[in-house]
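# Topology and contacts: notes
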Amino acid sequence: MHLFFREKWEVEGLQTVGILLVVCSSLKLMHFLGLIDLTTADSVEDDFELSTVCHRPESMDKLQEQTKFTKKELQVLYRGFKNECPSGVVNEENFKTIYSQFFPQGDSSMYAHFLFEAFDTDKNGSVSFEDFVFGLSIILRGTVNDRLNWAFNLYDLNKDGCITKEEMLDIMKSIYDMMGKYTYPTMQDDAPREHVESFFQKMDRNKDGVVTIDEFIESCKKDENIMQSMQLFDNVI
């Protein structure tokens, strides 16, 4: 996986790497939680009624209606989530702890913070099973527009409807920190800013200093590498 990231990083722009990290990091999270193999998915409907769970998710049927997962897939997702998060929710510190195991060669705390914010849609400081499933449903089963909207929301840190260079620089620095200098020993201090400039040259079509959702989606759809990355894990589960 790290070799894959290295090759992508060296030959493609920030926007592709960012999209790949969104998809691949979600895959890593699913793998960590043991959600990939469906062969062990015997019925766990009774688990939804466990009194030891502080936060009880909505009914299986309702979640199936609201997402693009099957009932069997939701059972597997819930089992993995419950095993790692017995209380039924994940706070940001726990999320960072889990995520740090994906990239031990670097500091993933800031990128994990941004990803946590994207999953915590109701902004209550925790990610429930519903939050987790809704996010994964978009990333893994959503349309191209759905997935790009989700990625845009991740980059739009203050949620004002546009991405600024400052926001993109924060994202870029967090990616560099996460990948680690051990993995990329030749990185220069100004490299994140250079990638941001490259991102805006491609995405900021009217040159007004910000990237809107329309500019982002239009540019991504014209990038063959990004479109391929969006399809990498269509059939993960």
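Quick caveat, the model's predicted, so the values are computed rather than measured.

What counts as what
Residues numbered from 1 in each chain as written. Predicted model: local features only at pLDDT ≥ 70, side-chain atom pairs only at ≥ 80, totals over all residues. Heavy atoms only, no water. Helix = DSSP H or I, 4+ residues; strand = E, 2+ residues; numbered from the N terminus. Buried < 20%, exposed > 50% of the residue type's maximum accessible area, 1.4 Å probe, protein only. Contact = heavy atoms within 4.5 Å. UniProt positions renumbered as here; feature names shortened; annotations may be inferred. Core = buried A, V, L, I, M, F, W, Y, C linked by side-chain atoms within 4.5 Å. Expected span 1.5 Å × (residues − 1). pLDDT = per-residue confidence, 0-100. Axes fitted to C-alpha atoms, helices over the stretch in contact; angles between N-to-C directions. Parallel < 35°, antiparallel > 145°, perpendicular 65-115°, else oblique. Nonpolar A, V, L, I, M, F, W, Y, C, P; charged D, E, K, R; others polar.

## Here's the deal with the side chain of E92
Structurally, E92 can be placed in helix α5 (residues 92-100). What makes E92 buried here is its relative accessible area of 18%. Discounting chain neighbours no more than four positions away, the residues touching E92 are H113, F116, E117 and G125.

## Thoughts on the UniProt feature "domain: EF-hand" (unreviewed entry) in the protein
The sites that carry the UniProt feature "domain: EF-hand" (unreviewed entry) are, in the present numbering, residues 107-142, 143-178 and 191-226. Taken end to end, residues 143-178 has its terminal C-alpha atoms 28 Å apart, with 72% of it in helix and 8% in strand. Along residues 191-226 the backbone is 69% helical and 8% strand, and the end-to-end C-alpha distance reaches 21 Å.

## As for the nonpolar core
Formed by 55 residues in total, the largest nonpolar core has its most connected members in Y99 and F216. Counting residues per element, this core draws most heavily on helix α9 (residues 165-179), at 8 residues.

## Quick notes on helix α8 (residues 144-155)
Under the 1.5 Å per step criterion, the end-to-end length of α8 is 17 Å for 12 residues, consistent within 8% with the ideal 16 Å. Of the positions making up α8, those classed as buried are R147, L148, W150, A151, F152, L154 and Y155.

## Topic: unusual backbone geometry
Working note: non-glycine residues mostly have negative phi, and peptide bonds are mostly trans. One non-glycine residue, K123, lies in positive phi territory at about 55°. Relative to the assigned elements, K123 resides in the loop between α6 (109-119) and β2 (126-128). Exposure remark for K123: the relative accessible area of 44% places this residue in the partly exposed category. The residue K207 is not glycine, and still its phi comes out positive at about 55°. The topology assignment puts K207 in the loop between α10 (191-203) and β4 (210-212). The exposure class assigned to K207 is exposed, which follows from its relative accessible area of 55%.

## Side note on the environment of Q75
Mapped onto the elements, Q75 comes out in helix α4 (residues 71-84). Residues Q75 and M60 lie 15 residues apart in sequence; the distance between their C-alpha atoms is 8.0 Å.

## Thoughts on the confidence of the model for the protein
On average, the protein scores 75 in pLDDT, and the residues at 70 or more come to 69%. Here residues 29-53 is a poorly scored stretch, pLDDT under 50, and it has 62 contacts once near neighbours within four places are set aside; other chains count.

## Things to note about the side chain of D120
In this fold, D120 is placed in the loop between α6 and β2. Once you skip the residues sitting within four places of it in the chain, D120 turns out to touch G125, S126, V127 and D131.

## As for the packing of α6 against α9
Axis separation between α6 and α9 bottoms out at 7 Å; the angle between their running directions is 130°. In terms of orientation, α6 and α9 fall into the oblique class. Taking contact as the criterion, the partners of M110, Y111 and F114 in α6 are, on α9, D170, I171, S174, I175 and M178. Split by residue class, the contact of α6 with α9 holds 6 nonpolar, 1 polar and 1 charged.

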